[in-house]
Amino acid sequence: MITTKALRLVITGLVQGVGFRPFVSRLARELRLRGYVRNIGGGEVELWIEGPEPYIEEFIAGLINEKPPPAIIEQVFFEEEGAQHYNDFYIEPSGENKYVRSIIPPDLAICKHCLEEILDPNNRRYMYPFNSCAWCGPRFSMIYKIPYDRENTAMKKYSLCSHCESEYKNPANTRRYHAQGISCPRDGPKLALLDRDFKRVECKDPILVAAKLIDEGYIVGVKGLGGYHIAALATSDDVVLELRRRKKRPTKPFAIMGLNTDVLKRLVRVDPEDELLLNSPQAPILLLPKQPDTPVSQYVSPGLVHEGVFIAYTPLHYILLLHTRDKFLIMTSGNVSGEPMCRDEECAKTRLSKIVDYFLIHDREIVNRVDDSVIRKTGGNYVVLRRSRGYAPAWITLPFNLSGEYIAFGGDLDNVGGVGFENRVVLTQYIGDLDSLNAQRDLVKYLEFLVKSYHVGSGVKPIVVVDKHPRLYSRVLGLRYAAESGLEYVEVQHHYAHVLSTVVDAEVEGKVAGLAIDGVGWGDDGTIWGGEVLVISTERYSYRRTGSIDRLPLTSDRDAYIPIRVLSAYLTKRGFEWREIEKTLLSLNAPSRIIHEALSSHTLVTRGKFTWASSTGRLLDMIMSIIDPAVERTYEGEPAIRLEALGARAEKAVYIDDYRVVSDNSIYKLDYSGLVDWVLQNKDTMSPYVLARSFLYSLGVAFGELITLSTKGLGVESIVLAGGAAVNELIYMGVHERLREEGLIPKLPRRVPLGDGGLALGQVIAADLLARESRFKNYTDCLE
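Here's what I pulled together on the structure shown here. (Residues numbered from 1 in each chain as written. Predicted model: local features only at pLDDT ≥ 70, side-chain atom pairs only at ≥ 80, totals over all residues. Heavy atoms only, no water.)

Structural notes on the overall build of the protein chain
Part 1: The helix and strand tally for the protein chain stands at 22 helices and 29 strands.
Part 2: Computed over C-alpha atoms, the radius of gyration of the protein chain comes to 28 Å, within 12% of the 28 Å expected from 2.2 N^0.38 for 784 residues, which places it in the range of a compact globule.
Part 3: In terms of overall dimensions, the protein chain has a C-alpha envelope of 90 × 65 × 50 Å along the principal axes.
Part 4: By residue count, 61% of the 784 residues in the protein chain fall in the buried class.
Part 5: Taking the intrachain contacts of the protein chain between residues at least 6 apart in sequence as the baseline, contacts between residues at least 24 apart amount to 74%.
Part 6: Carbon and sulfur atoms make up 48% of the accessible area of the protein chain, which totals about 30100 Å². (Helix = DSSP H or I, 4+ residues; strand = E, 2+ residues; numbered from the N terminus. Rg over C-alpha atoms; globule rule 2.2 N^0.38 Å. Buried < 20%, exposed > 50% of the residue type's maximum accessible area, 1.4 Å probe, protein only. Contact = heavy atoms within 4.5 Å. Areas by Shrake-Rupley, 256 points an atom, 1.4 Å probe, with all protein chains shown as cover.)

See below:
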């Protein structure tokens, strides 16, 4: 006798906005099971299933093995119930109840099926720029709140036509049955072409006209999925230089969007695994080596050996590129320097009208700004530089449960915030640098969105987490938030958070040594840190600084923009007189204005007006200033990025062993003065490529030696790298080769950035370890 069974299931993961309910309904109907499926308010899916027990077992197997391609099932909770004798299987309206939390769906690149439709002249969606289905298209960028239903998105104003409604209600339509974002030319968003004064340009097909204008050398603002892009010819020096002039962006590289990977292969070297990543639902910008005969203008990424490329990930972008002559374009963020990307017409009109000649816009609201994600390779592994579109706000699952709930405010550069609860951390999309008031507002806005969506604080009061640096905007925002919300807060040392971020993401446990190398972070001794070995335990809140690089004197924020100032200050502290420093700078062919800057920092150091900093970032800047004394930083990390690019052009390095690791008051110090002197002495006899490669590789080996000596006898089981400078391929190579001699392999994070974009993850973990020991502060402390 066949037993009838009834189960109630709650499924978590990426199960809203990916065609999961229609899939469940179709599977249940095929097996003649009865019940319902619905979205619920925590981002999860609830379903009731009843019928013969063998069919239910087959249903559960199909649930796991046949789910839609973008869906991710993390957990399935179920309990046996008494049969309710449903007559059929239904997709019910969403509920507001929250049983467990689930992932807010990120935006997904156009799938191959939707692409085939827009290229088929016989399909009613032929050349339709907003085609999507249950497996692709906008999600997070257009959602007001969860659950993910049409009425909770920017699509709510578009009523389905009879054809779309028929698809929506047809269980046999695999990709559009109950797909919330579907539309067609009859009922979906509409395009318009505007001039820079935002006056409509009358034309039959705005995309075709926009493509023609770009081919003629005009610069066009394109309202895309998560914000505005600026599109321009990538093969015209004149166009690229004009875009740089208008955007006030002298050297920062522009990204290149290609129609597909076949087009991109003309520009960069693409390995099979690169092609898979480029064509993935996330479709990130990927930094790849330039082809020797690339047709791209040298001014797109001046002085660099890699090009940032990505494919057309929306139908709009695809159709636009399809009708251009090159089939690839500059597709850079639509923003003014230092400000977030525009996401609405008011911002575009007021901020981009002096940059672009025309605007290609649509009338669907971009609810949440989402910048393009950026990935590169280090040590043969993909590492994230910017985690945003396609990845955020999908959560990161921890191998343990948090003891409380947390709201982390991250750092000031490349800011990303986050919330932590249960065994998960949810990071915001990329926010940007917080010296922009708009970016500061966005950080608070998107943190509050996560707090509300995931019901953070509904059961226990969350703890606010901030960086220890007293002058960071993120810290000020966090303390203000704590004060206004009546919450306690935790301060976390910058590099401890960096190391913990890599430790958790790399799934390392026990006693771990982390090398944290970056620009600046507030140290426990009141100086600036940025080249530290920290030994930590994953079991408790503790870190011991066992190693550091020698300190540099920093005289002002200006040192970060004009690296020759750092060289002059460094030489001054080593005992050089100004006439000796000036002679050195003249031998390097330093321009007079640069020598004036050097004199300024020399004077400040002699007067004792400086701050000590064990900063790897400033050290790399200083070496670049020896090779090119006129170098200036016009974007974050520029001198170090250029130094790595020079080194990548050399076929081999000279190993420089002129460094020392010495013990200094229980901390091992790396004295790199011999490495600096070697570069100075060989400036005229060796190519800049060999100089750069030799220094970076040798510094990496020296870091490996620092790790080895400073952790000897401490029972360290694993080594991780953290901080923005750890992405440097040549430094990593040196560290890796030295540690390999000890039988160790340095680990990198897989899902979060090495730089400050990963700080919030480490902050949550640190705060949780600290909270277990009840060593956190009340919000009133921050008002003193």
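There's plenty left to go through after this.
A short note on the pattern of salt bridges
Part 1: Enumeration according to the criterion identifies 50 salt bridges in this entry.
Part 2: As a salt-bridge pair, glutamate 167 and arginine 124 come within 3.1 Å of each other at their nearest N and O atoms. Note that glutamate 167 is positioned in helix α4 (residues 162–169) and arginine 124 in the loop between α3 (112–118) and α4, a separation of 43 residues in sequence.
Part 3: Between arginine 565 and glutamate 597 there is a salt bridge whose closest N-O contact spans 2.8 Å. You can see arginine 565 sitting in helix α14 (residues 564–573) and its partner glutamate 597 sitting in helix α16 (residues 592–606), a full 32 residues away along the chain.
Part 4: When its relative accessible area of 12% is taken as the criterion, glutamate 597 is described as buried.
Part 5: A network of salt bridges, in which partner residues are shared, links Arg8, Arg38, Glu46, Glu79 and Glu81. (Salt bridge = Lys/Arg side-chain N within 4 Å of Asp/Glu carboxyl O.)

Section: the sheet that holds strand β5 (residues 89–91)
Hydrogen bonds between backbone atoms are what pair the strands of a sheet, whose relative direction is either parallel or antiparallel.
Part 1: Taken in spatial order, the five strands line up as β4-β1-β3-β2-β5 in an open sheet, and their pairing is mixed. At either end of the open sheet lies a strand with only one pairing partner, and these are β4 (72–81) and β5. The sheet shows a mean angle of 20° between the axes of neighbouring strands, taken without regard to direction.
Part 2: Where strand β2 (residues 34–39) lies against β5, three bridges are found, and the strand directions are parallel. Across the sheet, glycine 35 pairs through a bridge with phenylalanine 89, a residue of β5.
Part 3: Across the sheet, helix α1 (residues 20–30) is in contact with β1 (4–14), β2, β3 (45–52), β4 and β5; its angle to β5 comes to roughly 170°.
Part 4: In the packing of helix α2 (residues 53–65) onto the sheet, contacts are made with β1, β3 and β4, and the angle to β3 comes to roughly 145°. (Pairing = 2+ DSSP bridges. Axes fitted to C-alpha atoms, helices over the stretch in contact; angles between N-to-C directions.)

Quick word on the state of the cysteines
Part 1: On inspection of all chains with the given rule, the structure shows one disulfide.
Part 2: Sulfur of cysteine 184: no disulfide; nearest cysteine sulfur belongs to cysteine 161 and is 3.6 Å away.
Part 3: The exposure class assigned to cysteine 184 is buried, which follows from its relative accessible area of 1%. (Disulfide = S-S within 2.5 Å.)

Considering empty space enclosed by the protein
Part 1: In this structure the tally under the stated criterion is four cavities of 30 Å³ or more.
Part 2: In this structure, the largest cavity spans a volume of roughly 140 Å³.
Part 3: What lines the largest cavity is a set of 18 residues, and nearest its centre among them are Pro129, Leu225, Thr314, Pro315 and Arg364.
Part 4: Per element, the largest residue contribution to the lining of the largest cavity is three residues, and it comes from helix α9 (residues 315–322).
Part 5: Grouping the amino acids of the lining of the largest cavity by side-chain chemistry returns ten nonpolar, seven polar and one charged.
Part 6: Around the second largest cavity, the lining comprises 17 residues; the ones closest to its centre are Gly17, Val18, Gly19, His178 and Gln180. (1 Å grid on protein atoms, 1.4 Å probe; cavity = no way out; pocket = protein on both sides within 12 Å on 5 of 7 lines; lining within 4 Å. Points joined across faces, edges and corners; volume = space filled by probe spheres on them. Nonpolar A, V, L, I, M, F, W, Y, C, P; charged D, E, K, R; others polar.)

Details of the packing of aromatic side chains
Part 1: Counted according to the given criterion, the structure contains 19 aromatic pairs.
Part 2: With centroids separated by 5.6 Å and ring planes inclined at 85°, the aromatic side chains of tyrosine 218 and tyrosine 358 adopt a geometry described as edge-to-face. Here tyrosine 218, found in the loop between α5 (206–215) and β7 (220–223), pairs with tyrosine 358, found in strand β13 (residues 358–362); they are 140 residues apart in sequence, far enough to count as distant.
Part 3: Taken together, the ring pairs in this structure connect Tyr36, Trp48 and Tyr86 into an aromatic cluster.
Part 4: Above the face of the tyrosine 561 ring, arginine 633 is positioned so that its terminal group lies 4.1 Å from the ring centre. (Phe/Tyr/Trp six-rings, centres within 6.5 Å; stacked < 30°, edge-to-face > 60°. Lys NZ or Arg CZ within 6 Å of the ring centre and 35° of its normal.)

As for the sheet that holds strand β18 (residues 418–421)
Part 1: Reading across the sheet, the six strands line up as β16-β19-β18-β17-β20-β21 and stay open at both edges, with mixed pairing between neighbours. Unpaired on one side and paired on the other, β16 (396–397) and β21 (489–492) mark the two borders of the sheet.
Part 2: Here strand β20 (residues 463–467) pairs with β21 via four bridges, running parallel. Looking across to β21, one finds that valine 466 is bridged to glutamate 491.
Part 3: Its contacts with the sheet put helix α12 (residues 473–485) on β17 (406–408), β20 and β21, and the angle it makes with β20 is roughly 160°.
Part 4: Docked against the sheet, helix α22 (residues 759–772) engages β16, β17, β18, β19 (424–427), β20 and β21, running at close to 140° with respect to β17.

A closer look at the pairing of β3
Part 1: The buried fraction of β3 is high, at seven of eight residues.
Part 2: Sheet topology note: the β1/β3 ladder contains eight bridges and is antiparallel. Note on β3: the bridge partner recorded for threonine 4 is proline 52.
Part 3: Inspection of the sheet shows β2 paired to β3 by six bridges, in the antiparallel sense. In the sheet register, glycine 35 faces β3, and the bridge partner there is isoleucine 49.

Re unusual backbone geometry
Part 1: Residue proline 147 is reached from isoleucine 146 by a cis peptide bond, and omega for that bond is 10°.
Part 2: The topology assignment puts proline 147 in the loop between α3 and α4.
Part 3: In this structure, the amide linkage connecting alanine 392 to the following residue, proline 393, adopts the cis form with an omega of 5°.
Part 4: Relative to the assigned elements, proline 393 resides in the loop between β15 (381–386) and β16.
Part 5: A positive phi angle, near 60°, is found at methionine 127, a position not held by glycine.

A closer look at the nonpolar core
Part 1: Membership of the largest hydrophobic core comes to 85 residues, with the highest contact counts inside it found for Ile256 and Phe359.
Part 2: With sequence-adjacent residues up to four places away left out, isoleucine 256 is seen in contact with Ala234, Leu267, Val296, Val300, Glu307, Gly308, Val309, Phe310, Phe328, Leu329 and Ile330.
Part 3: Residues Leu515, Leu554, Leu585 and Tyr697 belong to the second largest nonpolar core, which totals 68 residues. (Core = buried A, V, L, I, M, F, W, Y, C linked by side-chain atoms within 4.5 Å.)

Re α5
Part 1: Where α5 is concerned, the buried positions are Pro206, Ile207, Ala210, Ala211, Leu213 and Ile214. One side of α5 carries all its buried residues, which in axial view fall inside an arc of 160°.
Part 2: Close packing links the buried residues of α5 with β6 (191–195), β7, β8 (228–232), α9, β12 (328–333) and β13.
Part 3: For α5, the N-terminal cap is aspartate 205; the gap from its side-chain oxygen to the backbone nitrogen of isoleucine 207 is 3.1 Å.
Part 4: Glycine 217, located one to two residues past α5, shows a positive phi value of around 105°. (Arc of directions from axis to C-beta. Polar contact = N/O pair within 3.5 Å; in protein donor to acceptor, adjacent residues only side chain to side chain.)

On their own, these measurements won't tell you what the molecule is for.
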